[in-house]
Amino acid sequence: MSEEIKKNNYSADSIQALEGMEHVRMRPSMYIGDVGVRGLHHLVYEVVDNSIDEAMGGHCDTIGVAINEDGSITVEDNGRGIPVDIHKKEGVSALEVVMTKIGAGGKFDKDSYKVSGGLHGVGVSVVNALSNHMRSTVFREGKIYEQEYEKGKSLYPVKQIGETGKRGTTQTFYPDPSIFTQTIEFSYDTLAARMRELSFLNKGITITLTDKREKNDKGEFVSEVFHSDEGLKEYIRFLDANREPIVSHVISMESDKGEVPVEVALIYNTSYTENIFSYVNNINTHEGGTHLSGFRRGLTNTLKKYADNSGLLEKLKFEISGDDFREGLTAIISVKVQEPQFEGQTKTKLGNREVVAPVSQAVSEMLENYLEENPNDARTIVQKVILAAQARHAAKKAREMVQR
Ligand code: 0RA
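Residues numbered from 1 in each chain as written. Predicted model: local features only at pLDDT ≥ 70, side-chain atom pairs only at ≥ 80, totals over all residues. Heavy atoms only, no water.

One open sheet holds the five strands; their spatial order is E10-E11-E14-E12-E13, and the pairing between them is mixed. Looking at which strands have only one partner, the edges of the open sheet turn out to be strand E10 (251-255) and strand E13 (283-284). (Pairing = 2+ DSSP bridges. Helix = DSSP H or I, 4+ residues; strand = E, 2+ residues; numbered from the N terminus.)

Rendered as structure tokens:
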């Protein structure tokens, strides 16, 4: 149908009439951002996201990602397995609904932890629609089920193919080269960077990445295991591996009491640069947004209050600016938002106003406690802030002198 419509100078109405999966193939960029290298890798992230969701719900702890010999991708997890019973409304297996209907993912599981992530969270059916071939295998209640697809269309109803003691879901897909015309070759390093990031953002999960396209000198496949027990704390140490800390340890907090689960970790180093990473639903928000504003507000207010009460500012004849609090700061903010509003040029700026206060409060609380319990570190940080303010002030004076 889509081919026909393409040829026939279609109208707005006929686009509406298009079935979701055909629309994905017609306008893939609307779903995955672009059809270049980024979009291609996005397919993997989308499938892995589903397994991460299963893990975040506490139902699995191990995810395997493989680049296969033929260039296809396999993602497997040890979760509950995508349900295969007949979906009441659609009259076909729930697995088939998830795989072949746009926007069906996860909706039938009300308890799920699922939060949507902008470009992510579009659903595994999008990956299926953009794949020449895809195969889903479900290990569930002692049985193995399977279904295969071509360009998003099922080749046969879900069938039982054996018995098992395992639990989980395995997805294998081969991207459609007529969609990804630039390349369908996956980069190990790109996938590794994302899997490392995901393991820091979702502590406790073990993600293994294997490249089966080539073997190393020892005759083994290149493979890495990503696992973080400490999450953002470890992420900070990773980011600052080549910088020198000025405080005794990474400052971190986690709060999932409120509407907006917040995780923050930070450290101060001897450098003069600010290095803040912010995430919403595991997606790097390059353009920042309300969670970053909340972080800055909490950091500035708390450090300012502490500095004011410390008496260390008495000699200072001018105001400290927000920037002064962030010199030599490396920080990560990760929030989970049920209905994120993404704005900005690249849609990587969080717009939800309700996120500011919880993040700011969480950061304030964390820092207040830390400063109180670690007076030596507190003094070191305040002194660094004062130095930054003085340097800024001196630079301004020098500039004014030259201009005069
Ligand atoms: C909803 C319900 C249940 C499992 C899943 C989703 C699920 C989805 C994916 C996607 C990749 N791996 C997955 N693993 C599980 C099952 C609910 C139940 O068993 O009661």
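Resuming the write-up.
Quick look at unusual backbone geometry now. At Glu 141, a residue that is not glycine, the phi angle is positive and equals roughly 50°. With respect to the secondary-structure elements, Glu 141 resides in the loop between strand E3 (131-140) and strand E4 (143-150). Residue classification places Glu 141 among the exposed positions, given a relative accessible area of 66%. Of note in this structure, Lys 151 is not a glycine but carries a positive phi near 50°. Looking at where Lys 151 falls in the secondary structure, it is placed in the loop between E4 and strand E5 (153-154). (Buried < 20%, exposed > 50% of the residue type's maximum accessible area, 1.4 Å probe, protein only.)

Tracing the backbone through its elements, the reader meets Asp 211 in strand E8 (residues 206-215). Within the structure, Asp 211 has its side chain in polar contact with the side chain of Arg 213 (distance 2.9 Å). (Polar contact = N/O pair within 3.5 Å; in protein donor to acceptor, adjacent residues only side chain to side chain.)

Moving on, we get to the pairing of E8. In the case of a regular strand, side chains alternate between the two sheet surfaces. Pairing between strand E1 (residues 62-67) and E8: six bridges, direction parallel. If you follow Ile 63 over to E8, its bridge partner there is Ile 207. Here E8 pairs with strand E9 (residues 221-227) via seven bridges, running antiparallel. Bridge pairing in E9 links Lys 215 to Phe 221. Hairpin connection between E8 and E9: a loop of five residues separates the two successive antiparallel strands, and Gly 219 in this loop has a positive phi of roughly 80°.

In this structure the tally under the stated criterion is five aromatic pairs. For the ring pair Phe 200 and Phe 238, a centre distance of 5.5 Å and an interplane angle of 45° mean the geometry is tilted. One end of the pair, Phe 200, is in helix H8 (residues 188-201); the other, Phe 238, is in helix H9 (residues 232-239), with 38 residues separating them in the sequence. The class for Phe 238 is partly exposed, based on a relative accessible area of 43%. Put simply, the rings of Phe 200, Tyr 235, Phe 238, Phe 277 and Tyr 279 pair up and form one aromatic cluster. Positioned above the aromatic ring of Phe 139 is the side chain of Lys 166, whose terminal nitrogen or guanidinium carbon lies 4.2 Å from the ring centre. Directly above the ring of Tyr 45 sits Arg 194, whose terminal nitrogen or CZ lies 5.7 Å from the centroid. (Phe/Tyr/Trp six-rings, centres within 6.5 Å; stacked < 30°, edge-to-face > 60°. Lys NZ or Arg CZ within 6 Å of the ring centre and 35° of its normal.)

Counting residues in hydrophobic clusters, the biggest one holds 51 residues, and the most contacted among them are Leu 266, Phe 295, Leu 299 and Val 335. Ranked by the residues each element gives to this core, the list is headed by helix H11 (residues 356-373), at seven residues. Residues in contact with Val 335, not counting those within four places in the same chain, are Val 260, Pro 261, Val 262, Tyr 279, Val 280, Asn 281, His 291, Leu 350 and Val 359. Within the second largest apolar cluster, 46 residues are counted, among which are Ile 32, Val 126, Met 134 and Ala 192. (Core = buried A, V, L, I, M, F, W, Y, C linked by side-chain atoms within 4.5 Å. Contact = heavy atoms within 4.5 Å.)

So, on to H9. Along an α-helix, residues three or four positions apart point the same way, because every turn accommodates 3.6 residues. Taken together, the buried positions of H9 are occupied by Leu 232, Tyr 235, Ile 236 and Leu 239. Along the axis of H9, the buried positions cluster into a sector of 100°, meaning they face one direction only. Where the residues of H9 are buried, they touch H8, strand E11 (262-268), strand E12 (275-280) and strand E14 (329-335). (Arc of directions from axis to C-beta.)

Moving on to the packing of H8 against H9. Where H8 contacts H9, the two axes come as close as 7 Å, and the packing angle between them is 135°. Between H8 and H9, the interaxial angle falls into the category oblique. Between H8, through Arg 196, Glu 197, Phe 200 and Leu 201, and H9, the contact on the second element is made entirely by Leu 232, Glu 234, Tyr 235 and Phe 238. Taken together, the residues of the contact of H8 with H9 sort by class into five nonpolar, no polar and three charged. (Axes fitted to C-alpha atoms, helices over the stretch in contact; angles between N-to-C directions. Parallel < 35°, antiparallel > 145°, perpendicular 65-115°, else oblique. Nonpolar A, V, L, I, M, F, W, Y, C, P; charged D, E, K, R; others polar.)

This paragraph deals with the packing of helix H10 (residues 290-310) against H11. Where H10 contacts H11, the two axes come as close as 7 Å, and the packing angle between them is 35°. Between H10 and H11 lies a crossing whose hand is right-handed. Two secondary-structure elements touch here, H10 through Thr 290, His 291, Gly 294, Phe 295, Arg 297, Gly 298, Leu 299, Thr 302, Leu 303, Lys 305 and Tyr 306 and H11 through Val 356, Val 359, Ser 360, Val 363, Ser 364, Leu 367, Glu 368 and Leu 371. The residue makeup of the contact of H10 with H11, split by class, is nine nonpolar, seven polar and three charged. (Left-handed = near helix turned anticlockwise from the far one by under 90°.)

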